[in-house]
Amino acid sequence: MKNEPKITPELVAAHGLKPDEYERILKLIGREPTFTELGIFSAMWNEHCSYKSSRIHLRGLPTKAPWVIQGPGENAGVIDIGDGQAVVFKMESHNHPSYIEPYQGATTGVGGILRDVFTMGARPIACLNALSFGAPEHAKTRHLVSGVVAGVGGYGNSFGVPTVGGQVRFHTRYDGNILVNAMAVGLADADKIFYAAASGVNMPIVYLGSKTGRDGIHGASMASAEFDDKSEEKRPTVQVGDPFAEKLLLEACLEIMEKGCVIAIQDMGAAGLTCSAVEMGAKGDLGVDLDLDAVPTRETGMSAYEMMLSESQERMLMVLKPEKEKEAEAIFKKWGLDFAVVGYTTPSKRFVVKHGGDVMADLPIKELGDEAPLYDRPHVPSAALPVVHAREVMAPMGVGSALEKLIGTPDMCSKRWVWEQYDHVILGNTMQRPGGDAAVVRVQDGPKGLALTVDVTPRYCEADPFEGGKQAVAEAWRNITAVGGKPLAITDNLNFGNPERPEIMGQFVGCLKGISEACRTLDFPVVSGNVSLYNETNGRAILPTPSIGGVGLLDDFTKSASLAFKAEGEAILLIGETHGWLGQSVYLRDICGREEGAPPPVDLAAEKRNGDCVRGMIHAGTATAVHDLSDGGLLIALAEMAMASGIGAKLLAAPTSLVSQAYWFGEDQARYLVTVPETEAGRVLAKMRGCEVPCVRIGTTGGDAIAIAGEAPVTIDKLRTSFERWLPEYMGGKAA
Amino acid sequence: MKAAILVFPGINRDRDMARALRLISGSEPAMVWHAETSLPAGTDLVVVPGGFSYGDYLRCGAIAARAPVMDAVRDYAAKGGLVLGVCNGFQILCESGLLPGVLMRNAQLKFICRDVHLRVERSDTPFTRGYNAGQVIRVPVAHGEGNYEADEETIQRLEGEGRVLYRYCSAEGVVDEAANINGAAHSIAGIVNDKGNVLGMMPHPENHVEDIMGCTDGRGLFAGLAQHLEKAA
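Just so it is clear, the model here is predicted, and its values are computed rather than measured.

## Considerations on the interface of chain A and chain B
Here's step 1: Residue-level contacts link 32 residues of chain A with 26 residues of chain B.
Here's step 2: At the boundary of chain A with chain B, total buried surface from both sides reaches about 2300 Å², with 53% on carbon and sulfur atoms.
Here's step 3: Summed over the three residues of chain A that lose the most area to chain B, namely Phe244, Glu420 and Arg433 of chain A, the buried surface amounts to 23% of that side.
Here's step 4: Our enumeration of links across chain A and chain B arrives at five salt bridges.
Here's step 5: In this structure, glutamate 210 of chain B engages arginine 442 of chain A in a salt bridge whose closest nitrogen and oxygen atoms are separated by 2.7 Å.

Put into structure tokens, the structure is as follows:
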């Protein structure tokens, strides 16, 4: 091949292909690959695109339910919400690029996930995200928070989708490898979902959207390698986002879909033109002939190799109905977007790439995906950690002081500084804004609504991958339940370290088992997801972080619950069993300085029983305020309910059977706080006993403080000051 | 009401605005593409909605100000037609010369989305007749460039002629720097042109018109406009 470098073992290694993987290529095609072909293989066979380490384990995830229209394997998952409507959603990571160039890394993360959703024919109606940063005192953290938040907002705000919820955490284990997980949710007609599989021979393949440049070449390969001190040098592999182009692409795509022009559609995400063209052909049992001379380029002199591996953003590949091609072209021209026929489907099942009259690649199209390496990597289970007994935990300060301190720590404090940079009200459907258990977004003009959340507790996953995996799913389920939603399905974004290390692979396998078990018991299937491995720098891995994005349905969004107390003099009920579990609690970590012990076990049967009961109370209109208990336990949840309303609470003392700090700050699972009018309290308690749901009255709303019998009260003003102070001060350069 | 909503590529609060107008006036607004050279016959209100027209590249509103449809809007305004610009719409009206001044980056250099309070400075205009003078309303802002600035002479004229219709204030109606969300000169949130028929404002009244949003303070603006147009007809 003219002007292409010679294939050497060094070149193969530089493409992230192991010697045995290269042998596999030689065997598959029966000759030495061209340089362009080597690039194509490296794009298709890297961890990010091929899931070679994870595929074998992902098979165990429950993915089916009567309401699932499309499970994993397409651009996004699709669920039926009745009335001919479907919700399309997925979460995906953009970790490595965001560490190297936080603004652009985050924007293209958001852009990519939005594209996945509207590629399937859905109009995006909400975004969420889960962000994990290094320790606040780490030199790069402030810069990364600032850039990532600006990037997430910069893209979503301009594109015009509300960012309604998410998580932000800080931990030293993310110092060299932050996590940016972005989730998008869209609404479509259930009978108008679009897929990637091409059909029909000799059909024109059309390229739409922005032009192709040299940005992002090898982005997917970068996402499949560990970081080291030289990672900064990988900056050119980060793509640049253009939310304006994406907004145009959205409107143009939805318009040509509406007009019935589209047979198949695939966005160009990781590994760009290569991945999208191969996917369209392979899924449709067809070959693809691409003519790169027709590809709209932004720069002159791009080689076939560069064009095939470019990850320029805001691009789509489609197969159009030939009789509708002119109509589609007119729509794209109206929106000012490029439109070019760049190839045809063929009966050959070969992937043929031509450039300047030469054939630069000629490969078997199915095998590019199907014959990718598949590894059952060795894995060892994490060692079980001892249970921390509450009686052995000394309280360094009083309950009130601990509350005031804890509510102001980096993980527990208000994330207002973050979500106020996201337009969370655009489209006029955000019924519950950020800061609650789950966001509630109205579906068109109602009365239906969606409950949306993202959750995971990485320190639990590290301490016990199985229980941590269960807990992540259970908490997402609980968040949706706490606003009155019926949990329907999840998307999982699995962030782990280097899978070639058995202990990391053990975390992955353990978490997946936990996720599977929780999904099965809670009837909460996985419909889409993404795996991000090699999240480590200089040999230190991140905390295992399987982010769970949950979607639930409210038949009538006006019957949802929120966490703010509604009136003085209402009864506060605690639902679920409290044992005072302090192991891996934020109290133990941030008040006692001990990050240790086994995390709280998750009783899925109790989760289901308690949650179903709470949802019933919301629908019956009995519950006036609802909040699920998680990080920081009972007292943190109470404080959040008080701060959201300005109404305090008078609380009974901790039961004598429990250590006080363990009662107030323990993180036992499957628990909720619910308020009911005083007149209803007796009836509700009796009813709960009848359902065998543990429920006790712990106090009454009212006053301007959290006042525990026998303890000094803490005013809401004081709590709010502590809650709102840390993040703005930190970002302003004051605190560490 | 026969409202026309301008749609430039990159505009994204067009649907929010259309819903608000539909809910309050009962009639469906026309959506007018930026490449059009005329407005629909009988248009009695032109709305330039929020968003990121042309990506806000170059400078917010600068490219939209030069779109074909804006010549028609300038003619329409010159004849006394009512024009309402919200957020990016305000920026576009400034860039197109229909309003004085410019919207600079927020003082804190960040995009900001939150509910703010506005003091309605007078109630004897088509854009404020749905409110009482001195009334405090709560509506969201969502912008990165809402910091209104103009030369001192222009500001003095605006103030002297009573053309500042909306000002950022506290919940109690106090106008001070603490409540000045983006650092705007004189806490200006919305102004009219010298003839009083063109309003530009940064906040989004269209996002606070439904009971179920927990606040309907934005209704007054649209209801007042509808009343004004009904009377005129």
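## Notes on the UniProt feature "active site" in chain A
Residues and elements named next belong to chain A.
Here's step 1: UniProt annotation of "active site" refers to His48 and His94 when read in the numbering used here. These annotated residues cover 47 residues of sequence, and their C-alpha atoms all fall within 10.9 Å of one another, placing them together at a single site.
Here's step 2: Residue placement: histidine 48 occurs in helix H4 (residues 47-50).
Here's step 3: Residue classification places histidine 48 among the buried residues on the basis of a relative accessible area of 18%.
Here's step 4: Mapped onto the elements, histidine 94 comes out in the loop between strand S3 (85-93) and helix H6 (95-100).
Here's step 5: For histidine 94, a relative accessible area of 15% corresponds to the buried category.
Here's step 6: A distance of 3.2 Å separates the side chain of histidine 94 from the backbone nitrogen of glycine 109, its partner in a polar contact.

## Points about the packing of aromatic side chains
Here's step 1: By the definition in use, this model includes 17 aromatic pairs over all chains.
Here's step 2: Centre to centre, the rings of tryptophan 726 of chain A and tyrosine 730 of chain A are 4.7 Å apart; their planes meet at 10°, and the pair counts as stacked. Taken together, the residues span about one helical turn, with tryptophan 726 of chain A and tyrosine 730 of chain A both in helix H25 (residues 716-731) at a distance of four residues. Assigned by exposure class, tryptophan 726 of chain A and tyrosine 730 of chain A land together as buried.
Here's step 3: Ring-pair connections join several aromatic residues into one group, and the members of that group are Phe133, Phe170, Trp726 and Tyr730 of chain A.
Here's step 4: Here arginine 142 of chain A stacks its cationic end above the ring of tyrosine 730 of chain A, 4.5 Å away from the centre of that ring.
Here's step 5: Across from the ring centre of tryptophan 33 of chain B, 5.1 Å away, lies the NZ or CZ of lysine 334 of chain A, which sits over that ring.

Analysis parameters
- Residues numbered from 1 in each chain as written.
- Chains lettered and ligands numbered in written order.
- Predicted model: local features only at pLDDT ≥ 70, side-chain atom pairs only at ≥ 80, totals over all residues.
- Heavy atoms only, no water.
- Contact = heavy atoms within 4.5 Å.
- Buried area = accessible area lost by both parts, 1.4 Å probe.
- Salt bridge = Lys/Arg side-chain N within 4 Å of Asp/Glu carboxyl O.
- UniProt positions renumbered as here; feature names shortened; annotations may be inferred.
- Helix = DSSP H or I, 4+ residues; strand = E, 2+ residues; numbered from the N terminus.
- Buried < 20%, exposed > 50% of the residue type's maximum accessible area, 1.4 Å probe, protein only.
- Polar contact = N/O pair within 3.5 Å; in protein donor to acceptor, adjacent residues only side chain to side chain.
- Phe/Tyr/Trp six-rings, centres within 6.5 Å; stacked < 30°, edge-to-face > 60°.
- Lys NZ or Arg CZ within 6 Å of the ring centre and 35° of its normal.

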